[in-house]
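# Chain and residue survey
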Amino acid sequence: MRARLILTTLAFVAWMVPASAEIVSRESDITSIRLGQRIWVDDGSCKAGEIKQITGTKLTPQGVGTVKQCVSRKGPRPN
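What you see as residue numbers is a count from 1 along each chain, following the sequence as written. In keeping with the model being predicted, local features are shown solely for residues with a pLDDT of at least 70 and side-chain atom pairs are shown and tallied solely at 80 or more, while totals for entire chains, interfaces and linings include all residues. Where side-chain values are given, they derive from all heavy atoms of the structure, hydrogens and water being excluded.

## Notes on the overall build of the protein chain
Just so we agree on the cut-off: Helix numbering and strand numbering both begin at the N terminus, where a helix is a DSSP run of H or I of at least 4 residues and a strand a DSSP run of E of at least 2. Each residue is assigned to one of three classes by its accessible area relative to the maximum for its type, calculated with a 1.4 Å probe on protein chains only: buried under 20%, partly exposed between the two thresholds, exposed over 50%. When checking whether two residues touch, look at their non-hydrogen atoms; a contact exists if any pair is within 4.5 Å.
The number of helices and strands found in the protein chain is 1 helix and 4 strands. Ordered by position in the sequence, the α and β elements of the protein chain form the string α-β-β-β-β. Per-residue burial over the protein chain gives 22% buried out of 79 residues. Looking at the protein chain alone, contacts between residues at least 24 apart form 18% of all its contacts between residues at least 6 apart.

## Overview of the state of the cysteines
Defined as follows: Note on terminology: pairs of cysteine sulfur atoms within 2.5 Å are recorded as disulfides.
What the rule picks out here adds up to 1 disulfide. There is a disulfide in this structure between Cys46 and Cys70, and the S-S distance comes to 2.0 Å. Disulfide Cys46 to Cys70: torsion about the S-S bond roughly -80 degrees, handedness left-handed. Of the two residues, Cys46 sits in the loop between β2 (38–41) and β3 (50–60) while Cys70 sits in strand β4 (residues 63–72), which places them 24 residues apart along the sequence. You can call Cys46 buried: its relative accessible area is 14%. Among the residues examined, Cys70 registers a relative accessible area of 39% and is labelled partly exposed.

## Some points on the sheet that holds β3
The line we're drawing: DSSP-based pairing: two strands are paired if at least 2 bridges between them are found. Whenever a helix is involved, its axis is fitted only over the stretch in contact; in every case the axis is a line through C-alpha atoms, and angles between N-to-C directions fall within 0 to 180 degrees.
Read from one edge to the other, the open sheet built from 4 strands follows the order β1-β2-β3-β4, with strand pairing classed as mixed. Sheet topology places β1 (22–24) and β4 at the edges, where each strand pairs with a single neighbour. Neighbouring strand axes in the sheet, compared pairwise and without regard to direction, differ in orientation by 30 degrees on average. Pairing of β3 with β4 involves 10 bridges; the strand directions are antiparallel. Counterpart to Lys58 in the pairing with β4 is Gly65.

Structure below.
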């Protein structure tokens, strides 16, 4: 019983921890995107202090539809 509780807790924590953010330098570097996934593109197309965010939003016959927007950059600029 206790082992089941520990395994359930670990599974819940793993599910709650978000995946590490993926930052690419060009949109062409994105080969695929999943529903709900966010990828940040650091190509300089947004104004200072912002970064382009691409989010997989809906399933279409052609694949996953995306939304692109400039969002506030959190933290220092990646190298």
